[in-house]
Amino acid sequence: MIGLIISLILLIYLIYRGFPVLIVSPLMAMLAVFMGSDIPVFYSWTGPFMDSVVSFISAYFPIFLVGAVFGTLMNASGAALTIAHFISDKMGEKRAIIAVIIASFLLTYGGISVFVVVFAVLPIARTIFIKSNYPQRLLPSAICAGCLPAYVAPGSAQFINAIPIPVFNTTIYSGLVIGIVGTAVWLLFAVWYMSAKIKNAKIKGEGYGTEVSNDCNLETGKVTLAFIPILIVIIGNAFLTYFFQIDEVVDYYRDFGGVQGTWAILISIAIAIVVTICIYWNTFKSDIKKTLTLGATESLLPIFNTSTQVGYGGVIKVLPVFTLIQTTIFSIPGVALFPAVIGTAILSGIVGSTSGGVGLVMVTFGQDLLELSQAQNISPGLMHRIIVFSASTLDTLPHSGFIITLLGVCGLSHKQSYKELFIVTCVFPAFAVLSMLVYAFLFLI
């Protein structure tokens, strides 16, 4: 146990200090083995660590690839910025916070990477904040208030939504109603809180602070064209999810290993990629190969970062102490939702990643949770949605790679902005999970 605790503390500290996950994860996994197991240290790296990494990449690389390419195309074409600009104009400067939240939500829900959303929304948000004299320190929280609820919402075209699918045999729409409840609670609290913070800042006379020039220089285009790829992803997902559930289709693919739950989202985004290229061909022209190469390349680091976090969990799984951890989690009294919520939150907090946390849960506890939920007549779709939301409760602690990147892009520090970020990205999703549990006990269990 001591070795595991030390490796976890060092993992969090080193990632917080900016050391690469690709290096830190296997080193800390081997340290845990060295201090708490008779397993050969280097075998733990080339054996269970790499087995978990390869398994994750094999299942999810297509999702990462098409998602990254789509996000790059939407960003390079100016479509993402056009949508953000349109929403901001419609909402007006007096409702800047709500405009930023809505823009971030729609772009993320439509399948654009949260990192791309940050770059797309930030120029518009910064311009509005300067004109309205809103505190600069609230920019990161305003963006997260929209993009992070969308990231885990039912039907969201994000890869995290696909991670539980192979284990639970679900879809990205699974847990639809309870997911809407959680999303609505998170959004309502976020809008209320951010609006209150702006009002309080105005009363105190706190303004934007350091003046910066307007960096929104990318030319925007027709908003109707910009929305087309997003709508294709959303509508395509809905149609193809239904299509792949038709008995004749299921029977046809049975001989080929069965229908894969990620196919609907893969095909939808792939079609949206083609349509985006066609719509903005004059914008890309000779740069299309460069843009596609950039998108494909940008898919590699996120999937390897996530998979190495999953690999760390794969090593922990073979340690003797893991049996104790597993026993403790599954000894939590009550229904299967409780160990799912607590286990997911803890693992996500350890690795500082929503997707990494969900991936770890699927590798370590997925099959156990499925069997437990089936024994208690809890639908896999409910487990799917609860797990994805639970990963959002502790995933954005200070060592989170996303938080570190977001603050860096906004030119702010943890000291300046993390208090509000913690409320929006940790406390409010916890409220959302609590509301989902209440709803489940009242109407579903």
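Residues numbered from 1 in each chain as written. Predicted model: local features only at pLDDT ≥ 70, side-chain atom pairs only at ≥ 80, totals over all residues. Heavy atoms only, no water.

- Per an unreviewed UniProt entry, the protein goes by GntP family permease and derives from Escherichia coli.

Quick word on the overall build of the protein
Then, in step 1: A count of helical and extended segments in the protein gives 22 helices and 0 strands.
Then, in step 2: In summary, the protein has a C-alpha radius of gyration of 22 Å against a globular reference of 22 Å for 445 residues, a match within 12%.
Then, in step 3: When the backbone C-alpha atoms are referred to their principal axes, the protein occupies close to 60 × 55 × 50 Å.
Then, in step 4: A burial count over the protein gives 55% of its 445 residues as buried.
Then, in step 5: Sequence separation of 24 or more characterises 81% of the internal contacts of the protein that already satisfy a separation of 6 or more.
Then, in step 6: A total accessible area of about 18,900 Å² is found for the protein, and carbon and sulfur atoms account for 67% of it. (Helix = DSSP H or I, 4+ residues; strand = E, 2+ residues; numbered from the N terminus. Rg over C-alpha atoms; globule rule 2.2 N^0.38 Å. Buried < 20%, exposed > 50% of the residue type's maximum accessible area, 1.4 Å probe, protein only. Contact = heavy atoms within 4.5 Å. Areas by Shrake-Rupley, 256 points an atom, 1.4 Å probe, with all protein chains shown as cover.)

Considerations on helix α14 (residues 288-298)
Then, in step 1: Inspection of α14 places Ile288, Thr291 and Gly295 among the buried residues, and these make up the whole buried set. In an axial view of α14, the angular spread of the buried residues amounts to 65°, which keeps them on one side of the axis. Structural note: α14 exposes Lys289 and Lys290 on the side pointing more than 90 degrees away from its buried face.
Then, in step 2: Against α3 (41-77), α12 (263-279) and α13 (281-284) lie the buried residues of α14. (Arc of directions from axis to C-beta.)

Regarding the packing of aromatic side chains
Each aromatic ring pair is described using two quantities: the centre-to-centre distance and the angle formed by the ring planes.
Then, in step 1: In the structure shown here, the tally under the stated rule is 18 aromatic pairs.
Then, in step 2: Ring centres of Trp186 and Phe389 lie 6.4 Å apart, and the angle between their planes is 65°; this geometry places the pair in the edge-to-face category. Of the two residues, Trp186 sits in helix α9 (residues 176-204) while Phe389 sits in helix α20 (residues 380-390), which places them 203 residues apart along the sequence.
Then, in step 3: A relative accessible area of 0% places Trp186 in the buried class.
Then, in step 4: Judged by centre distance (6.5 Å) and plane angle (50°), the ring pair of Trp192 and Tyr193 falls under tilted.
Then, in step 5: Residue Trp192 is classed as exposed on the basis of its relative accessible area, which comes to 55%.
Then, in step 6: Given the relative accessible area of 11%, Tyr193 is considered buried.
Then, in step 7: Three or more aromatic residues joined by ring pairs form one cluster here, namely Phe239, Phe243, Phe244, Tyr252, Tyr253, Phe256 and Trp263. (Phe/Tyr/Trp six-rings, centres within 6.5 Å; stacked < 30°, edge-to-face > 60°.)

Topic: α3
Then, in step 1: Along α3, the largest kink reaches about 55° and is centred on Tyr60; proline Pro62 follows within four residues of it.
Then, in step 2: In the segment just after α3, Gly78 is the residue with positive phi, at about 90°. (Bend = angle between axes of the 7 residues up to and from the residue.)

Section: the pattern of salt bridges
Then, in step 1: On inspection of all chains with the given rule, the structure shows 4 salt bridges.
Then, in step 2: Residues Arg254 and Asp251 are paired through a salt bridge, measuring 2.6 Å at the closest nitrogen-oxygen approach. Placement of both Arg254 and Asp251 in helix α11 (residues 247-254) is noted, with a separation of 3 residues, approximately one turn of the helix.
Then, in step 3: On the basis of relative accessibility, which here comes to 51%, the residue Arg254 falls in the exposed class.
Then, in step 4: Overlapping salt bridges, with partners in common, bring together Arg137, Lys197, Glu206 and Glu420 in one network. (Salt bridge = Lys/Arg side-chain N within 4 Å of Asp/Glu carboxyl O.)

Considering unusual backbone geometry
Then, in step 1: Notably, Asn169 is not glycine yet its phi reads approximately 55°, a positive angle.
Then, in step 2: Looking at where Asn169 falls in the secondary structure, it is placed in the loop between α8 (165-168) and α9.
Then, in step 3: Even without a glycine there, the phi angle at Asn377 is positive, about 60°.
Then, in step 4: Checked against the element boundaries, Asn377 lands in the loop between α19 (366-375) and α20.
Then, in step 5: When its relative accessible area of 71% is taken as the criterion, Asn377 is described as exposed.

Some points on the packing of helix α2 (residues 21-36) against helix α15 (residues 300-318)
Then, in step 1: Closest axis-to-axis distance for the α2/α15 pair is 9 Å, and the angle between their directions is 5°. Comparing their axes, α15 and α2 come out roughly parallel. For the pair α2 and α15, contact is made by Val21, Leu22, Ser25, Met28, Ala29, Ala32 and Val33 and by Leu301, Phe304, Asn305, Thr308, Gln309, Tyr312, Val315 and Ile316, respectively.
Then, in step 2: Across the contact of α2 with α15, the residue classes break down as 11 nonpolar, 4 polar and no charged. (Axes fitted to C-alpha atoms, helices over the stretch in contact; angles between N-to-C directions. Parallel < 35°, antiparallel > 145°, perpendicular 65-115°, else oblique. Nonpolar A, V, L, I, M, F, W, Y, C, P; charged D, E, K, R; others polar.)

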